[in-house]
Each structure stands twice: as C-alpha cells, then as structure tokens.
Amino acid sequence: LFSFTMGQGGEVLPAHADVSVFTVISHDTSPGAAGSASLQMLTPDGLWEEVHGAPGCFLVNLGQIMQRWSNGRLRATVHRVVPPDGEEGAKRQSITFFQLLNYDASVSVLPECCGG
C-alpha cells in the first residue's frame, strides 16, 4: 500500500522501471483522491504521458525481468509519479503487487525469444 499527500512541483517518485516480472496497480478513485492522475509513463518517443486508470480496473506494468526473458521484445514500463496539476493536497493511494522470482530462478532469455 502506497499512500501520500501530493505536494507542489517535482517528482514524488523518480523515473524507473520495476525490477520484477510485472506489477499490478489498483488506484483509489474515490472523491478527493488523486487516483492515477499523477502516474506517467515514458513513451517510445521519449515523452511523458499521463496514465488514465478507470474505476474497477487494474494497471499492469511489465518489469525488467519480463524484458530480459523476452530478449527485449516486451519492454519494461518506465514510469514516474508527479504531483498532478491543481491537485495539491489530494491524497494518492494505490495498492501495488510486484510479481517477483524465487532467489534461484533463471533470468535467461526464453528459447522462443532467441534469434531473429
């Protein structure tokens, strides 16, 4: 559970890609909540774009392990959290699940993703 009150300017959580297989995120969409308005992802063109979550839906980010397994065919989602415009004082609350590996799991490229 991540919960914080949005402040002014700057990044709340700097740009990064999760070190996981994938991440599932549920956002608080109740009145007065920032919801997913402060979550941004980096597009292939190098631009930051807001991610719009819908009530009753989950957001799924691919992580660095999935990128490794797929030999880069699937890309890890680079994302950040910034204060949304005009939302100072709004609460941002999300429930996040990180799918990780066992400590002894292989992170070798899957055979299906080798070659051209």
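Residues numbered from 1 in each chain as written. Predicted model: local features only at pLDDT ≥ 70, side-chain atom pairs only at ≥ 80, totals over all residues. Heavy atoms only, no water.

On to the overall build of the chain, then. What the chain contains, in helices and strands, is 1 helix and 8 strands. Ordered by position from the N terminus, the helices and strands of the chain form the series β-β-β-β-β-β-α-β-β. In the chain, which comprises 116 residues, the proportion classed as buried is 33%. Counting contacts in the chain only where the partners sit at least 6 residues apart, residues at least 24 apart contribute 80% of the total. A total accessible area of about 7300 Å² is found for the chain, and carbon and sulfur atoms account for 56% of it. (Helix = DSSP H or I, 4+ residues; strand = E, 2+ residues; numbered from the N terminus. Buried < 20%, exposed > 50% of the residue type's maximum accessible area, 1.4 Å probe, protein only. Contact = heavy atoms within 4.5 Å. Areas by Shrake-Rupley, 256 points an atom, 1.4 Å probe, with all protein chains shown as cover.)

Once that is clear, we can look at the sheet that holds strand S2 (residues 13-16). Spatially, S2-S7-S4-S5 is the arrangement adopted by the 4 strands of the open sheet, whose pairing is antiparallel. Pairing within the sheet leaves two strands with one partner each, and these edge strands are S2 and strand S5 (48-50). Within this sheet the neighbouring strands show an average axis-to-axis angle of 25°, counted without direction. Summarising the sheet, S2 and strand S7 (residues 79-81) pair through 2 bridges and their orientation is antiparallel. Residue pairing for S7: Leu 13 is matched across the bridge by Val 81. (Pairing = 2+ DSSP bridges. Axes fitted to C-alpha atoms, helices over the stretch in contact; angles between N-to-C directions.)

In this model, the chain carries an average pLDDT of 84, and 73% of its residues clear a pLDDT of 70 or more. The spread of mean pLDDT over the elements of the chain runs between strand S1 (residues 2-5), the lowest at 65, and helix H1 (residues 64-69), the highest at 96. (pLDDT = per-residue confidence, 0-100.)

To continue, consider the pairing of strand S3 (residues 22-27). Only one face of S3 is buried: it carries Thr 23, Ile 25 and His 27, and the other face, with Phe 22, Val 24 and Ser 26, is open. Bridge analysis of S3 against strand S6 (residues 59-62) gives 4 bridges, and the strand direction is antiparallel. Within the sheet, the bridge partner assigned to Phe 22 lies in S6 and is Leu 62.

The next point concerns the side chain of Ser 20. Mapped onto the secondary structure, Ser 20 falls in the loop between S2 and S3. Among the residues examined, Ser 20 registers a relative accessible area of 1% and is labelled buried. Dropping the residues within four chain positions of it, Ser 20 is found in contact with Gly 63, Gln 64, Ile 65, Met 66, Phe 98, Gln 99 and Leu 100.

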